[in-house]
Number of protein chains: 2
Amino acid sequence: MYITFDFQSDVPLYLQLRNQVVIAISKGVLKPGDHLPTVRALSDESGVNAMTISKAYQLMKQEGYISTERRGGAVVSAGDKEIKVSKDTVNRLDLCISELRLSGMGEEQIVDLCRRLYREEE
Amino acid sequence: MYITFDFQSDVPLYLQLRNQVVIAISKGVLKPGDHLPTVRALSDESGVNAMTISKAYQLMKQEGYISTERRGGAVVSAGDKEIKVSKDTVNRLDLCISELRLSGMGEEQIVDLCRRLYREEE
DNA sequence: TAATTGTATTAATATGCATAATACAAAGAG
DNA sequence: CTCTTTGTATTATGCATATTAATACAATTA
């Protein structure tokens, strides 16, 4: 599991981390039971402050993606726990599809792209 | 064309405006040649500062979605001008699909949702 | 017992968003 | 031509959030 940070991005570092983990879990790169890097290890390795890493872990924990235990580190949760579909996610999906459509992509092209993203690639 | 602002949202006001316009164009609510509200009118009506409205207009102009002319106001551009597909859009799409997948939605459910969003509804 | 884990605390800094009050150039209306 | 409307530029200020920093703590495991 490789984490990369873009310090030029307008996306906050803690969200960059959270988003990469979510995608990795969805694509099977991270499986239930897998351990995430420790807060301090990832901080040292990336140069990002430990509290920023911790903030991402707390967010993912609250969202149900991972669980953290004393001394146990952060562990990817089993997929059985139902995670709520936020209306915000659908709104963001709507925006992405609108942008792709206005860029000239047709319905089937977009559907194909979505299928590829769902299955794993890219 | 109704614009609504959520002052509690973490999405900046100028981006809220931009996103709503992009979606409206994609869904045909706004058509090429249509006029957007004037900066001052939308500012007065919504309570959002005029410079914030202007910032959204400048962004949409730069992205190619609208054009602004002196005295002419803001006009929705024709769809012929090719708008670049940013890699950022695909990344955000990837994140949305991953979130939906982890919430329990299957491939076909997601594809159906995407088709509906593409065609207009919601 | 000693070390490692996520986390809490407090403080400081930086960046971006938003507002406010004005002013200007261009272009259409009369 | 004159006046009004349009988007835009300018400058300043306030505010929220992100990030860093330096410690410290509780729980758990080796």
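Structure: above.
### Points about the relation of the copies chain B and chain A
For the pair of chain copies, the relating operation is a rotation around an axis with a shift along it. Note on the copies: chain B fits chain A at an RMSD of 0.0 Å, the axial shift is 0.0 Å, and the rotation between them is 180 degrees. When the rotation and shift are considered jointly, the pair of chain copies conforms to a two-fold rotation axis. Take the interface residues of chain B: 100% of them recur as interface residues in chain A, which is what a same-surface contact looks like.

### Topic: the protein's contact with DNA strand D
Around DNA strand D, 24 residues are found, and the nearest of them are A:Leu13, A:Asn49, B:Arg40, B:Arg70 and B:Arg71. Looking at DNA strand D alone, sugar and phosphate atoms form 61% of those within 4 Å of the protein. Between a phosphate oxygen of DNA strand D and a main-chain N or O atom of A:Asn49, the distance comes to 2.9 Å. Within the contact set of DNA strand D, a base oxygen lies 2.8 Å away from a side-chain nitrogen or oxygen of B:Arg40. Residue assignment for the surface near DNA strand D shows that the elements contributing at least two residues are helix H1 (13-26) and helix H3 (50-63) of chain A together with helix H2 (39-46), helix H3 (50-63) and strand S2 (73-76) of chain B. Top element by residues in the surface near DNA strand D is H3(B). It accounts for four residues. The residue makeup of the surface near DNA strand D, split by class, is eight nonpolar, eight polar and eight charged.

### With respect to the pattern of salt bridges
Overall, the coordinates contain 16 salt bridges over all chains when judged by the stated rule. One salt bridge connects A:Lys27 with B:Asp94, and the closest N-O pair in it is separated by 2.9 Å. Of this pair, A:Lys27 sits in the loop between H1 and helix H2 (39-46) while B:Asp94 sits in helix H4 (residues 87-102), on two different chains. With respect to class, A:Lys27 is no different from B:Asp94; both count as buried. Sharing partners across several salt bridges, the network here consists of A:Arg18, A:Glu63, A:Asp88, A:Arg92 and B:Glu99.

Definitions and limits used
- Residues numbered from 1 in each chain as written.
- Chains lettered and ligands numbered in written order.
- Predicted model: local features only at pLDDT ≥ 70, side-chain atom pairs only at ≥ 80, totals over all residues.
- Heavy atoms only, no water.
- Least-squares fit on C-alpha atoms with pLDDT ≥ 70 in both.
- Contact = heavy atoms within 4.5 Å.
- Near = heavy atom within 4 Å.
- Polar contact = N/O pair within 3.5 Å; in protein donor to acceptor, adjacent residues only side chain to side chain.
- Helix = DSSP H or I, 4+ residues; strand = E, 2+ residues; numbered from the N terminus.
- Nonpolar A, V, L, I, M, F, W, Y, C, P; charged D, E, K, R; others polar.
- Salt bridge = Lys/Arg side-chain N within 4 Å of Asp/Glu carboxyl O.
- Buried < 20%, exposed > 50% of the residue type's maximum accessible area, 1.4 Å probe, protein only.

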